[in-house]
Amino acid sequence: MIRWFKPFAFLACLVPLARLGWKAYNQALGANPIEVITHSTGDWTLIFLLITLAITPLRKLTGQLWLIRFRRMFGLFAFFYVALHFLTYIWLDKFFDLHEMLRDVAKRKFITVGFTGFVLLIPLAITSTAGWIRRLGGKRWQRLHQLIYVSAVAGVVHYWWLVKKDIHKPLEFAIVLGILLAYRVVVWAIPKAAANKGGPVPASRLQLPQE
Amino acid sequence: MLIKKSNDIPSSEITPKSLYVNRRKFLAGAAMAGGAALMGKRVNDLLLPTTVQADAKIDGIQKSPLSTTEKVTPYKDVTNYNNYYEFSTDKYEPAGLAKNLKTRPWKVKIDGLVSKKQELDVDTIIKMATPEERIYRHRCVEGWSIVVPWVGFSLSELIKRAEPLGKAKFVEFTTIYDPGQMPGQRSNILNWPYIEGLRLDEAMHPLALLCFGMYGEPLPNQDGAPLRIVLPWKYGFKSAKAIVRIRFTDSQPINTWNKAAPDEYGFYSNVNPNVDHPRWSQAKERRLGEFFKRPTLMFNGYDQVASLYSGMDLKKNF
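The residue count restarts for each chain, going from 1 along the sequence in the order it is written. All chains are assigned letters beginning with A, and all ligands numbers beginning with 1, in the order in which they are written. Note on the predicted model: pLDDT of at least 70 is required for a residue's local features to be given, and 80 or more for side-chain atom pairs to be given and counted; whole-chain, interface and lining totals, by contrast, use all residues.

Considering helix H9 (residues 168–197) of chain A
Note the cut-off: The helix count covers DSSP runs of H or I at least four residues long, the strand count covers runs of E at least two residues long, and both are numbered beginning at the N terminus. By definition here, a helix of n residues has an expected span of 1.5 Å times n minus one. Think of it this way: the bend at a residue is just the angle between two axes, each fitted to seven residues, one set ending at that residue and the other starting at it.
In this model H9 of chain A runs 41 Å from its N-terminal to its C-terminal C-alpha over 30 residues, within 8% of the 44 Å that 1.5 Å per residue would give. In H9 of chain A, a bend of some 25 degrees at Ala189 of chain A exceeds every other bend along the element, and Pro191 of chain A, a proline, comes one to four places later.

Things to note about the sheet that holds strand E6 (residues 170–175) of chain B
Residue and element names in this part refer to chain B. Note the following rule: Two strands are said to pair when DSSP picks up at least two bridges between them. Only the stretch in contact is used when fitting a helix axis, every axis being a line fitted to C-alpha atoms; angles between N-to-C directions are given from 0 to 180 degrees.
The strand order across the open sheet built from 5 strands is E3-E2-E11-E6-E7, with neighbouring strands paired in mixed fashion. What marks the edges here is a single partner per strand, and that holds for strand E3 (118–121) and strand E7 (195–199). Within the sheet, the average angular offset between the axes of one strand and its neighbour, ignoring direction, is 20 degrees. As paired strands, E6 and strand E11 (residues 243–249) are joined by 6 bridges and run antiparallel to one another. Its bridge partner being in E11, Phe170 is matched across the sheet by Thr249.

Comments concerning the nonpolar core
Convention followed: Under the definition applied here, buried Ala, Val, Leu, Ile, Met, Phe, Trp, Tyr and Cys residues are grouped into a nonpolar core through C-beta atoms within 7 Å. The exposure label follows from counting other C-beta atoms within 10 Å of a residue's C-beta, where the C-beta atoms are placed from the backbone and the thresholds are 20 or more for buried and 12 or fewer for exposed, leaving partly exposed in between. Any two residues are considered in contact once their C-beta atoms, placed from the backbone, lie within 7 Å.
Judged by nonpolar contacts, the single largest core of 64 residues is most densely connected at Trp150, Leu155, Leu209, Cys211, Ile229 and Ile243 of chain B. The element contributing the most residues to this core is strand E5 (residues 144–154) of chain B, with 7 residues. Once residues within four sequence positions are removed from consideration, Leu209 of chain B is found in contact with Arg134, Trp150, Gly152, Ser154, Leu155, Ile229 and Val230 of chain B. With 24 residues, the next largest nonpolar core counts Cys13, Trp44, Phe79 and Val82 of chain A among its residues.

Describing the environment of Phe170 of chain B
Inspection of the secondary structure assignment puts Phe170 of chain B in strand E6. Each residue touching Phe170 of chain B, except ones within four places of it in the same chain, is listed here: Gly197, Leu198, Arg199, Leu200, Thr249, Ser251, Gln252 and Pro253 of chain B.

A look at the packing of helix H3 (residues 71–93) of chain A against helix H5 (residues 109–126) of chain A
Residues and elements named next belong to chain A. Rules: Comment on the angle field: the value is read as roughly parallel under 35 degrees, roughly antiparallel over 145, roughly perpendicular from 65 to 115, and oblique elsewhere. Should the near helix be turned anticlockwise from the far one by less than a right angle, the crossing is termed left-handed; should it be turned clockwise, right-handed. Gly counts as polar in this scheme, as do all residues outside two lists: the nonpolar Ala, Val, Leu, Ile, Met, Phe, Trp, Tyr, Cys and Pro, and the charged Asp, Glu, Lys and Arg.
Close contact between H3 and H5 brings their axes to 10 Å; oriented N to C, the two are set at 135 degrees. In terms of their interaxial angle, H3 and H5 are classed as oblique. Seen from above, H3 lies across H5 with left-handed handedness. In this structure, H3 uses Gly75, Leu76, Phe79, Val82 and Phe86 to contact H5, whose residues at the interface are Phe118, Leu121, Leu124 and Ala125. Of the residues in the contact of H3 with H5, the class split is 8 nonpolar, 1 polar and no charged.

Points about the packing of helix H1 (residues 2–25) of chain A against helix H2 (residues 33–62) of chain A
Residues and elements named next belong to chain A. At a closest axis distance of 11 Å, the pairing of H1 and H2 adopts a crossing angle of 175 degrees. It follows from the interaxial angle that H1 and H2 lie roughly antiparallel. Residues Pro16, Leu20 and Ala24 of H1 pack against Pro33, Ile37, Ser40 and Trp44 of H2. Along the lines of polarity and charge, the residues of the contact of H1 with H2 split into 6 nonpolar, 1 polar and no charged.

A few points about the interface of chain B and chain A
Listed by partner, the interface residues are 15 residues for chain B and 13 residues for chain A. For the side of chain B that touches chain A, the residue count by class is 9 nonpolar, 2 polar and 4 charged.

A look at the environment of Met128 of chain B
Residues and elements named next belong to chain B. Within the secondary structure, Met128 sits in the loop between helix H5 (122–126) and strand E4 (132–139). Here Met128 falls in the partly exposed class, since 13 other C-beta atoms lie within 10 Å of it. Sequence separation between Met128 and Arg279 is 151 residues; the distance between their C-alpha atoms is 42 Å.

Regarding H5 of chain A
All names here are of chain A. With 18 residues, H5 should cover 26 Å at 1.5 Å per step; its first-to-last C-alpha distance of 27 Å lies within 8% of that length. Along H5, the residues that are buried comprise Ile111, Val113, Gly114, Phe115, Gly117, Phe118, Leu121 and Leu124. Packing partners of the buried residues in H5 comprise H3, helix H4 (98–107), helix H7 (138–145) and helix H8 (147–162).

Spatial relationships are all this shows, so hold off on functional conclusions.
This is the structure we're talking about:
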């Protein structure tokens, strides 16, 4: 079943891009198409980051272990959309003026933090293959990939800092991200707390693989 | 300033909206008529318009030497991409949400330090002076710009008639507060009602426009109907929309955006490529409809206002 479902999910992940392309082709992107493209690719980056981060909690809470087989794909789609987002910025906003771009990165907080989030995702995309997991070893690979937490926080902060006044959209992302991160803190803290008390650690907790 | 002669097609010669809307109605009517004919109804009833077009042309519009010859932004962009937080923070939404705003009857209160305190009907104000078409560049603080053929006359025409007292140094503009009609006002994203202000000498500058139309027609609701100001050398948010009160004061008004974020939006808010917004650069702008960004000009290219600010530190008075 999953074998069939995966290509389907892959195509579904491309729908946001296809929609943009279709609208651009029909000149239906409104008065400021470049702004729409920038915002849309940015939104979808955050959405895919959150989906990626939701896989582990969902898998644990529902027992649907097969979900893990989609995590890399969603993560890579987050990278795909952030790459498009960055391309729109460097091409349609800065017109490949590297000097101006670097000045922006240094001077504008929201660009600095957004750019950081993007750069941190690059090693994750590169080392997303089975070969790299083998080369790095599972433990080290996992540690490296914890960078996604930093990236996701940077992405939400980037959004938060760029809006003029109305923070309700970045706030929605922040809440979902907060829940996903809180889950990890709880999973990490409960066995520790139990161990500190010297009491028996619930068997169910012990079975959680360390992430 | 070099006053260039307009060689563009005046927007009044472009197919007026009422005509093309009527064309669409005709087509829709024709389609319906086809169906109706099948049902045996009289075709004529369907083809006759049932309402008088509210957005008729404004008569007697004079051209103005203050107009730019730059390419006018398409009507559909200027009417579908609006920063109008009274309706929504989404620029694409005011077009729909403002549709039913009641703009008649509409009173404008003129008070404060003037000898003629009064409440005027907007239609009385509109008839005070000859309507002019002023094609102005309009630069938003967010970094995009448009060129709009506004219709109105110099704000000074109204101010002169109000006879401000010697003590009056500032003018304050208040936008209507009506959460029932303006859904954005139901949340306190900004401190309602929207307040804007000018120094009296800025308000008296011939470029400062009291505006009630654009593209040869009355203002659409999402663009500030029935009465707004247009200050082309300042960032767009200074140009208050749907004005219900004009008050003359001796102290500097606190404008809404300044109150919301004093370090980001000042009282003057003159377009200035050398003074960045704390979070983004103001050196360039995207003219809607253009692929490449263009450099932003000092005072948005309206150098004739420079003398209003001579001796002032424009970095401090941003």
